[in-house]
Structures are given as structure tokens and as C-alpha cells.
Amino acid sequence: METRERPNRLHAELLAAGSWSTRHGVARLAMNRARKQGDLQARLFSDRSTRDDPFPLYTRIRDRAPIVRGSFLAATAHHRIAEAALRSDAFGVVSDPDALPPAARWVMTRPQRTIGPVTPPSMLAVDPPVHTRYRRLVSRVFTARAMASLRGRVGELADELLDRVDPETDLISNYASMLPVTIIAEILGVPADMRAQFVTWGSTAAPVLDIGLSYREYRRVDHAIRALNDWMSGHFARLRSDPGDDLISRLIHDDNDLDENELLAIAGLLLAAGFETTVNLIGNGAALLMSHRDQLDGLEWSNAVEEILRYESPVQNTARRALRDTEVAGVPVRKGTFLSILIGGANRDPAVFDDPERFDVHRANAREHLAFSSGVHYCLGASLARIEGEEALRRLFERYPDVRPAGPARRRPTRTLRGYDELPVRLT
Ligand code: HEM
């Protein structure tokens, strides 16, 4: 079993510099060089002008080829390629230490490394059979049926939050983030008075999903994840002596043999994935519906949520690595290829969605989007996210049909997560 030692300061600095250079520094250099040579993927991940509106670039990438091979990674914005790669066992996650050069592997396997959502043992960062074991443990609790039973509580909470907001308010901080963070805190059994702190840690750590962070950004992110982990470790200690009727207590007390790092990875991922994504669904949905007011009439909420997920996907991309020479939807891919899967681009593929640049809540096949991924890593919280999105948006617009922008909205600075930091609205 792995133990967590506290590194001394110099050791911690060296480890942080090593982790940054393996995950971000090298990619940053390669991307900057490739961008100057006109590489489309490099523009997507490092050009400021593509951050707020990546969609024209997705179209160029899709028009160029099913898989566009750039100088540092390949990418696809084709729905059929994206879906086939996500479902194929010839592809694995990109963070397997065995696939890395020895120096990077050494850094990533230190016991003192930061346990975060994109490095093992996070469920998102491991392949079967290790993945299957973690997934099974959590799926026992996260069943579609258990989530459906939460709908009443989600609706009640949406009403409580709307009772408290001022007539002019920032919809993100006072509504869109508070709803999912409260629900996931209740599921995990973490105290309600920690919610504001989780939101702060979560938004500071959100760039962890991007590639090519500067060293300063990386240190800020790393610091927030470590603070969350320290708090979680203390929480596990409390639950070991005084368990509750919640998911973390069950993970600790059931006979799972999960070590401290595995527990931190599972609880941290559920907490962060539980609100850092759904806040964007609610915020993006509110902004889209305010600017397409004509579509509010006769709208069917569950389909509207699918169209919001398709059109403004809260998670814009993921990546996979080819584990062997293979073919994906007829296109050959060499072993070792890193494939960036542009979810936001696949969701606007005209081969699947008619007139894909149009937001249309009545779109018959909106649900064919890949916003929750596909294959073994298909989002574990998809049914909860759908319930939260539907209840939050329906109650907002039914109660305040005239809700409208009250100032300029501010987008999040992240590329993988797409949403708003601030969305000022007037409710009546
Ligand atoms: C609109 C909201 C959400 C979106 C768009 C979203 C999107 C995603 C995506 C795209 C993945 C897979 C990434 C990949 O294939 O590499 C994923 C995985 C995951 N999501 Fe979500 N998610 C949302 C909400 C939630 C919620 C509410 C929870 C939990 C309460 C959650 C928990 C997870 C977990 C645990 C995984 C990892 C699954 C695995 O690796 O097997 N998500 N999500």
C-alpha cells in the first residue's frame, strides 16, 4: 500500500517543476513552435483568439480530414471518428505512466505527487482492468435509479436558491454553481459549510484539464488541488471513526482495499466533476435561452438540455492514445498516436446534425451528441447532470420568464471546460 509522505520544501519545488515540465512545459514549447508554422491543433490549444469561439477552427479541422495529423498531436472533429475512438479498446487514456519517457514516469509515480483528476489513480486516467474496478465501486451508488430519486431534492433546492437571489444578480455564483455543489456535497456527505470553499478550489483547479499551462498557472492549480486533498484526508479520518450514510463513508468502510491515494482520487474526481461541469451546462443554457427567447414557447425541457449540451458542450475535448496499430472508422492510426477528440467539434458535425451551427431546442436527434463522451469512460454523472440542468433551467424560466442579461457576461478562461465565470442577469 502506498503511503503519503510530506515532501520538504525543496523536494516539493523540484517535484512541481518536474510535473509541470512533463505535462505542460514540453507541450507548451511544441505548441508555440507549431502554431507559428500554422498548425491548426496548436492554434486551438494555445491561440488566445480561439478560446472564446473555437467553432470556426473545428470546422476547418473537420473539413481538412477525418483525422488531422499535426506536429505534436492528431485531432478529429468528426463525430463518427470521435465516437469510434472513444469506444475502441485499441485506444487508452493518455496518462499511462508506462507510455511516458523514463524521467516523466519517475515524476508521475513519486508517492508525494499531487493526486488530481487527470493522473492515475484517477478513474479518468486509467485503463481497464484498473478502471473497471474503480468504476464498479462507484457505479453501485451512482445508478440511474438512485439519481432519479434525487429529482425532488434538486427541484426543491433550485426553488430555495431562487427564493434568496436578488432581482439583479450574478447567475453563476448565486445559482448555477450553488445547485450542483450542494447536491454533490450531500451525496458525498461533505459539510454544507464547505461549499463556498469547494467552489473556490474547484474554479482555481479547473485549468488542470487544459494542456500547456504556464508554470505560474500550474502552481496555482496544484496548490488548490493539494488544499482540497488535505481537507479530504482529514475528512476521511473523521469518517473512519464516525461514519455516516454517504458515499465516502461507504467507500471507506466497505471491504474495498482502496488506499488513501485511490480514495482521494475517487472522492476528489466526483466532487470536482460533480459541479465544475454542470455549472457550465446551467450557465450556457441560461445564456442560450435568453438569446433565443422565441424558442421558450412549447419547449420540452429534456430535449432542450440535450441541445444545450450539443451546442455549447461544457467539456470541449478529451484525448486518447493508440495502444496498437489500428483503424478507426476506416482510417489507419499508428500505435502511440495521441488523438485529441474535439467533442465540441464532433457535436457540430453536419454529417450527423442538420444545420449544426443553429441552436434548435426542437432538434430531433440532439441526444446523439458526445458531450458525456462514450465507451468505458462515459460520464458517470450524466443522469444527475441532466436532472440538474433540467430542474435548474425550467424553474428559472418558469418563475422568471423575463430573466435577461444585465451586463456583459465573462467567459471562463479554460479551454476544455466551456462556460461562464460571470453572467449578470435581471430576473424581473
Ligand atoms: C453537464 C455536466 C457534465 C458533463 C458535460 C460531463 C462530461 C464528462 C465527460 C466528457 C467525461 C469523460 C471524459 C473522457 O472520456 O475522457 C466524464 C467522465 C466522468 N464524469 Fe462527467 N460530466 C458532467 C457531469 C458530471 C457529474 C454531475 C458527475 C458526478 C457527480 C460526473 C462524474 C464523472 C466521472 C466520475 C467521470 C469519469 C468516468 C470514467 O472515467 O469512467 N460528471 N464526464
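Here is what the cut-offs are and how they apply
- Residues numbered from 1 in each chain as written.
- Predicted model: local features only at pLDDT ≥ 70, side-chain atom pairs only at ≥ 80, totals over all residues.
- Heavy atoms only, no water.
- Helix = DSSP H or I, 4+ residues; strand = E, 2+ residues; numbered from the N terminus.
- Contact = heavy atoms within 4.5 Å.
- Pairing = 2+ DSSP bridges.
- Axes fitted to C-alpha atoms, helices over the stretch in contact; angles between N-to-C directions.
- Parallel < 35°, antiparallel > 145°, perpendicular 65-115°, else oblique.
- Left-handed = near helix turned anticlockwise from the far one by under 90°.
- Nonpolar A, V, L, I, M, F, W, Y, C, P; charged D, E, K, R; others polar.
- 1 Å grid on protein atoms, 1.4 Å probe; cavity = no way out; pocket = protein on both sides within 12 Å on 5 of 7 lines; lining within 4 Å.
- Points joined across faces, edges and corners; volume = space filled by probe spheres on them.
- Donors = N, O, S within 2.8 Å, 3.2 Å for Na, K, Ca; no water.
- Phe/Tyr/Trp six-rings, centres within 6.5 Å; stacked < 30°, edge-to-face > 60°.
- Buried < 20%, exposed > 50% of the residue type's maximum accessible area, 1.4 Å probe, protein only.
- Lys NZ or Arg CZ within 6 Å of the ring centre and 35° of its normal.
- Salt bridge = Lys/Arg side-chain N within 4 Å of Asp/Glu carboxyl O.
- Near = heavy atom within 4 Å.
- Polar contact = N/O pair within 3.5 Å; in protein donor to acceptor, adjacent residues only side chain to side chain.

Draft legend 1. Molecular detail of the environment of proline 191. Relative to the helices and strands, proline 191 is located in the loop between α10 (178–188) and α11 (195–205). Put simply, proline 191 and leucine 179 are 12 residues apart on the chain and 15 Å apart in space, counted from C-alpha to C-alpha. For proline 191, the residues in contact, after removing those within four places along its chain, are Trp231 and His235.

Draft legend 2. Spatial organisation of the pairing of strand β5 (residues 318–322). Strand direction decides the pairing type here: strand β3 (residues 91–92) and β5, joined by two bridges, are antiparallel. Following the sheet pairing, glycine 92 is matched in β5 by arginine 321. Of the strand pairs in this sheet, β5 and strand β8 (residues 338–341) are connected by four bridges, and their pairing is antiparallel. The residue of β8 that forms the bridge with alanine 319 is serine 340.

Draft legend 3. How the structure looks around the packing of helix α16 (residues 301–311) against helix α18 (residues 382–399). The geometry of α16 relative to α18 is characterised by a closest axis approach of 9 Å and an angle of 110 degrees between their N-to-C directions. In terms of their interaxial angle, α16 and α18 are classed as roughly perpendicular. For α16 against α18, the interelement crossing comes out right-handed. In this structure, α16 contributes Trp301, Ser302, Val305, Glu306 and Ile308 to the contact, and α18 contributes Arg386, Gly389, Glu390, Leu393, Arg394, Phe397 and Glu398. The residue inventory of the contact of α16 with α18, partitioned by class, reads five nonpolar, two polar and five charged.

Draft legend 4. Structural context of empty space enclosed by the protein. A full pass over the atoms with the stated rule returns two cavities of 30 Å³ or more. Approximately 150 Å³ is the volume found for the largest cavity. Considering the residues around the largest cavity, the lining is formed by 16 residues, among which Thr50, Arg51, Pro54, Thr414 and Arg415 are closest to the centre. Tallied by class, the residues present in the lining of the largest cavity amount to five nonpolar, five polar and six charged. Reported here for the second largest cavity is a volume of approximately 40 Å³. If you go around the second largest cavity, the residues you meet are Leu137, Arg140, Val141, Leu247, Arg250, Leu251 and Asp254. Ranked by residues supplied to the lining of the second largest cavity, first place goes to helix α13 (residues 247–253) with three residues. Residue composition of the lining of the second largest cavity, by class: four nonpolar, no polar and three charged.

Draft legend 5. Spatial organisation of the coordination of the iron atom of the ligand. There is one protein donor for the iron atom of the ligand, namely Cys379 (SG), at 2.3 Å. Relative to the assigned elements, cysteine 379 resides in the loop between α17 (343–346) and α18.

Draft legend 6. Seen up close, the packing of aromatic side chains. Scanning the model with the defined rule gives seven aromatic pairs in all. On the numbers, 5.4 Å between centres and 70 degrees between planes, the contact of tryptophan 20 with tyrosine 215 is edge-to-face. One end of the pair, tryptophan 20, is in helix α1 (residues 9–36); the other, tyrosine 215, is in helix α12 (residues 215–241), with 195 residues separating them in the sequence. Given the relative accessible area of 28%, tyrosine 215 is considered partly exposed. Between the aromatic rings of phenylalanine 198 and tryptophan 201, the centroid separation amounts to 6.2 Å while the plane-to-plane angle is 50 degrees, which identifies the pairing as tilted. Within this pair, phenylalanine 198 and its partner tryptophan 201 are both found in helix α11, separated by three residues, close to a single helical turn. For the pair shown, phenylalanine 198 and tryptophan 201 are each scored as buried. In this structure an aromatic cluster arises from ring pairing among Phe198, Trp201 and Trp231. Here arginine 348 stacks its cationic end above the ring of phenylalanine 55, 3.5 Å away from the centre of that ring. Between arginine 348 and the ring centre of tyrosine 311, over which it is positioned, the NZ or CZ distance is 3.9 Å.

Draft legend 7. Summary view of the pattern of salt bridges. Under the counting rule described, the total for this entry stands at 31 salt bridges. The salt bridge partner of glutamate 262 is arginine 133, with a shortest N-O separation of 3.5 Å. You can see glutamate 262 sitting in helix α14 (residues 260–276) and its partner arginine 133 sitting in helix α6 (residues 130–139), a full 129 residues away along the chain. Its salt-bridge partner being arginine 151, residue glutamate 391 comes within 2.9 Å of it at the nearest N-O pair. Taken together, the residues glutamate 391 in helix α18 and arginine 151 in helix α8 (residues 151–164) connect sequence positions 240 residues apart. A relative accessible area of 30% places arginine 151 in the partly exposed class. Taken together, the shared-partner salt bridges connect Arg151, Asp159, Asp163, Glu390, Glu391, Arg394, Arg395, Glu398 and Arg399 into one network.

Draft legend 8. Molecular detail of the site of the ligand. Close to the ligand lie 28 residues, the nearest being His131, Thr318, Ser373, His377 and Cys379. With respect to the ligand, the side chain of serine 373 contributes an N or O atom lying 2.6 Å from an oxygen atom. For the shell around the ligand, the elements supplying multiple residues, two or more each, are α6, α14, α15 (278–291), β5 and α18. In terms of residue count, α14 provides more of the shell around the ligand than any other element does, four residues in total.

Draft legend 9. Region of the structure containing the layout of surface pockets. In this structure, the second largest pocket occupies an estimated 790 Å³ of space. Taken together, 33 residues form the lining of the second largest pocket, with Arg51, Pro207, Glu217, Pro413 and Thr414 sitting closest to its centre. Among the elements of the structure, α1, α2 (40–46), α9 (171–176), α11, α12 and β11 (420–422) are those that each provide at least two residues to the lining of the second largest pocket. Element by element, the count of residues in the lining of the second largest pocket is highest for α1, at four residues. When grouped by side-chain class, the residues that make up the lining of the second largest pocket number 12 nonpolar, nine polar and 12 charged.

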